[in-house]
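# Examination of the molecular architecture
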Amino acid sequence: MSRLSITLNRDDVAEAKKTAKTIVDDVFHFINKHTTDTIERTVLRYFGVDGVDAGEAPLPNVVVDHLKKKGVLDTGSAYWISNACVATGKDPQTIAEAVGTNAMDLTAVPSQPLEKVYRFAEETANKALDRVESMRNTRDGLLTGLGDNRKPYKYVIVATGNIYEDVSQARAASEQGADIIAVIRSTAQSLLDYVPYGPTTEGFGGTYATQENFRIMRQALDEIAVEQKRYIRLTNYASGLCMPEIAMMASWEGLDFLLNDSMYGILFRDINMKRTFVDQYFSRLIVALSGITINTGEDNYLTTSDAIEKAYAVTASQLINEAFAKKAGMKEAYMGLGHAFEINPDIENGFLYELAHALLSRELFPNATLKYMPPTKFMTGNVFKGYAMNTLFNLASVFTGQDIQLLGMLTEAIHTPYLQDRYLAILNANYVFNNARILGYELEVKKGGFIEKRANEVLSEALTLLKHTEKVGLMSAIREAHFADISRSEEGGKGLSGVHRKSEGYYNPVLNELEKRLGIEVES
Amino acid sequence: MNEANGKVFIDPKQLTSYGDATNDGAVQLSFTLPIPHGALAKEAAKKFVQNLGFDKSEIVTMEDMKEGYTFFVVYGHTQKTIDISKIKVMEVNFRVMSREETDAFIQEKIGRPLVVVGATVESDAHTVGLDAILNMKGYHGDYGLERYKMFTVHNMGSQVLCEEVVRKVKETKADALLISQIVTQKNIHIQNLTKLMDLLEIEGVRKDLLAIIGGPRISYELALELGYDVGFGSGTVPSQVASYIATTLSERTEMA
């Protein structure tokens, strides 16, 4: 049985993929030469540095800031912490605590034989990454044992601000049939240049992403898996100024999905593009080794631009996200490339446009785990109409074979979802998915008809944008506002001061080992 | 029910809701009770609705949402009425003009382009409302302020600190300030808007500025309460905001 399909212009597909790769390869000339504050903090975290100092500052931040002050961060945090460990015989956490109380200056520790320092660092990195792989194996084992849930996966968000209340809402949602629980972050977290510590019970529009919160929710979902004999996936957000650190925590605590986009932070959070490009690579290496599925943020393009006029920007961004993910050794099945159901509901045949765009994504990325986002822009206080729109959205998804269905909430335009809104959303999806389960296998799209033509039109427009981007470079194309109609400069935005050119002696055993385990060859 | 000459009589002094007959007082409710599905939950829901003022009610569905939560849809009938002759509403009075009309109006009455600064402030990361009003593209086929000849727009985007907004207002000598607030959990929008207004006043830029707020939970009353000139809720299109800015500022110019 084959699913609903359309015929795309083969030359355009090949050319688009090739162009996206060239665009991304070009950015790697920059990426490979740089590191960032959050990458160095991530290395420390894998070395076991955690907790906060007396002033509540996370110790990885304290150590990295110390190295910055001494002007030696461009050698990499791994060298300095390992040198101190070898010299004192203490573990990285104890060393970090000493730095936190100003009892130790890492640059004043006598240099130990490099061979010893590197051996210590490599062993530490290897041990950490072994654990990451074992978390992955645990998940794979659970999925094999319990069997995977049917697609489209029903993805819902909890956002109470209190991790313990999130747990009880997540339990209710999974019992109602949700397959994926996303704990949405407190609204400004992406702009914090540190990751808060410990369990949290206060947040705005969401719950802080902390390692402890990850652990609490994972444990709750694992209990549900045992009770219901059904694996429930956990999602969080590796975006903003701490992309790799969040990825590290997710890899450590067994999260399944991470929102992670190569350009989202630049465009929608005004995070510096150099910072984002360097960070996204390291975070995706972690994700690739962890078997975490990324969710990209193309849906956001359509909240600032028109969904028909700028459909091609979504496609172009998906291709760029795919190319970046491949560079980090990710397999296609772990790429949750995003798109959204955001066409103005007053447009005649709007549903046909939606089908065309959804099929374009499906056809262009046949092996990806596509993420489909619900209507938000045209949702109003009329919850009844909103519920109807969500029904069409669910139909489009099951019909065109999407993988991750972020369920639309009837109160989207009003407030964070009530428990009952989530319940009604799951009810809607269950009804539609069940009723139209094999619709896409029974019907065919008319050859050369409206839908097929429209999909090819968007593809060709996307190719035009990619060709231009290839010519001027991705950074310039972003400056020219080709993505989401938003212009960002190379030197603008938040976080640029945390980007550092690697020195000759730069050393990062976590990066080296990740690239080695993923079979990535780095051109120097 | 009152009937005169076969026509249904609606009494403005004793108005009630309408289901399928005048004065039936019918209301549709849906809510969750944090107790397990069952006979007790059903009785509790009935009593709850009664306490809300619905003498007659019918629970049309009671569904188990698991984890000790139950969902209800209830149709209630109330005896309560309101006297609408005593209600005063605050409405912003201005004529909504087309883009061309507004441009011509500003040209004629003020004679220079108006400077507009827009932002979503502090923790709020959502620009959808702000962009709908400001971006070229606009919303629902109604072009945004950037498309107008007589507006110079500075869209600062999301999560802008109040201090930054005030700085921008001073720097650009803004005529109007547009602040959008979408996230309203725990009334964070009230805190943000209060902080901004305080700063505008401290910095001495409030008086000459048309301060406008918008968002799904923003009303005219709330705007006035917080010291702003006007508030626009959901469904507002750019031409309304543009017309309001043009007419209000021209009145101010005339008065001065």
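Residues numbered from 1 in each chain as written. Chains lettered and ligands numbered in written order. Predicted model: local features only at pLDDT ≥ 70, side-chain atom pairs only at ≥ 80, totals over all residues.

Turning to the pairing of strand S4 (residues 54–64) of chain B, a few remarks are in order. All names here are of chain B. In this structure, S4 lies alongside strand S5 (residues 70–78), joined through nine bridges in antiparallel fashion. For Asp-64, the partnering residue across the bridge sits in S5 and is Thr-70. Joining the antiparallel neighbours S4 and S5 is a turn of five residues, in which Lys-66 adopts a positive phi near 70°. (Pairing = 2+ DSSP bridges. Helix = DSSP H or I, 4+ residues; strand = E, 2+ residues; numbered from the N terminus.)

A separate point is the sheet that holds strand S6 (residues 293–295) of chain A. All names here are of chain A. Pairing is parallel in the open sheet, where nine strands are placed in the order S7-S6-S5-S4-S3-S2-S10-S9-S8. Strands at the two margins of the open sheet, each flanked by one partner only, are strand S7 (335–336) and strand S8 (338–340). Pairing of strand S5 (residues 257–259) with S6 involves three bridges; the strand directions are parallel. In the sheet register, Leu-258 faces S6, and the bridge partner there is Ile-294.

For the rest of this paragraph, the subject is the sheet that holds strand S7 (residues 151–155) of chain B. All names here are of chain B. Reading across from one edge, S7-S6-S8-S9-S10 is the order of the five strands in this open sheet, with parallel pairing throughout. Across the chains shown, the open sheet's two edge strands, defined by having one partner strand only, are S7 and strand S10 (230–232). Strand-to-strand twist across the sheet, computed as the mean angle between neighbouring axes with direction ignored, equals 20°. Running at roughly 170° to strand S6 (residues 114–120), helix H4 (residues 162–172) makes contact with S6, S7 and strand S8 (176–180) of the sheet. (Axes fitted to C-alpha atoms, helices over the stretch in contact; angles between N-to-C directions. Contact = placed C-beta atoms within 7 Å.)

The subject of this paragraph is the domain arrangement of chain B. The figure often quoted for interface size is the accessible area lost as the parts come together. For chain B, the assigned domains read domain 1 (2–85) and domain 2 (99–255). Look at where the C-alpha atoms of domain 1 of chain B and domain 2 of chain B centre, and you get two points 39 Å apart. (Domains from an automatic or database assignment.)

It is worth spelling out the pairing of S5(B) at this point. By the bridge criterion, eight bridges tie strand S3 (residues 26–33) of chain B to S5(B) in an arrangement that is antiparallel. Within the sheet, the bridge partner assigned to B:Gln28 lies in S5(B) and is B:Tyr75.

Once that is clear, we can look at the interface of chain B and chain A. Contact with chain B, which involves 25 residues of that partner, is made by 26 residues of chain A. Counting only elements with at least two residues in the side of chain B that touches chain A, the list comes to S3 and helix H3 (128–134) of chain B. Taken together, the residues of the side of chain B that touches chain A sort by class into eight nonpolar, 11 polar and six charged. (Nonpolar A, V, L, I, M, F, W, Y, C, P; charged D, E, K, R; others polar.)

Here the focus is the domain arrangement of chain A. All names here are of chain A. By domain assignment, chain A separates into domain 1 (32–147 + 495–524) and domain 2 (150–453). The C-alpha-based centres of domain 1 and domain 2 are spaced at 31 Å. Contacts between domain 1 and domain 2 engage 36 residues on the former and 31 residues on the latter. When contributions to the side of domain 1 that touches domain 2 are tallied by element, the ones reaching two or more residues are strand S1 (34–36), helix H2 (37–46), helix H6 (114–146) and helix H20 (509–517). Ranked by residue count, the leading element in the side of domain 1 that touches domain 2 is H6, at 11 residues. Within the side of domain 1 that touches domain 2, the residues separate by chemical class into 16 nonpolar, 11 polar and nine charged.

Working note: α-helix, 3.6 residues per turn, so residues spaced by three or four point in the same direction. Between its first and last C-alpha atoms helix H16 (residues 419–435) of chain A spans 25 Å; for 17 residues at 1.5 Å apiece the expected length is 24 Å, and the two agree. Those residues of H16(A) lying buried are A:Leu419, A:Gln420, A:Asp421, A:Arg422, A:Tyr423, A:Leu424, A:Ala425, A:Ile426, A:Asn428, A:Ala429 and A:Val432. Buried residues in H16(A) make contact with strand S2 (153–158), helix H7 (163–176), helix H15 (383–400) and strand S10 (404–406) of chain A together with S3 and S5 of chain B. (Expected span 1.5 Å × (residues − 1). Buried ≥ 20, exposed ≤ 12 C-beta atoms within 10 Å, placed from the backbone.)

In this section: helix H9 (residues 243–253) of chain A. Residues and elements named next belong to chain A. A large share of H9 lies buried, amounting to 10 of its 11 residues. Met-243, Pro-244, Glu-245, Ile-246, Ala-247, Met-248, Met-249, Ala-250, Ser-251 and Trp-252 are the residues of H9 that are buried. Buried residues in H9 make contact with H2, H6, helix H8 (211–228), strand S4 (233–237), S5 and helix H11 (273–290). Positioned one or two residues after H9, Gly-254 has a phi angle of 80°, which is positive.

This brings us to the environment of B:Leu199. All names here are of chain B. Mapped onto the secondary structure, Leu-199 falls in helix H5 (residues 188–202). Residue Leu-199 is classed as partly exposed on the basis of its 18 C-beta neighbours within 10 Å. Taking the C-alpha atoms as reference, Leu-199 lies 7.4 Å from Cys-162; in sequence the two are 37 residues apart. Setting aside chain neighbours within four positions, we find Leu-199 in contact with Cys-162, Glu-163 and Val-166.

Along the chain, A:Thr94 turns up in helix H5 (residues 92–100). Sequence separation of A:Thr94 and A:Ala358 is 264 residues, and the distance between their C-alpha atoms is 52 Å.

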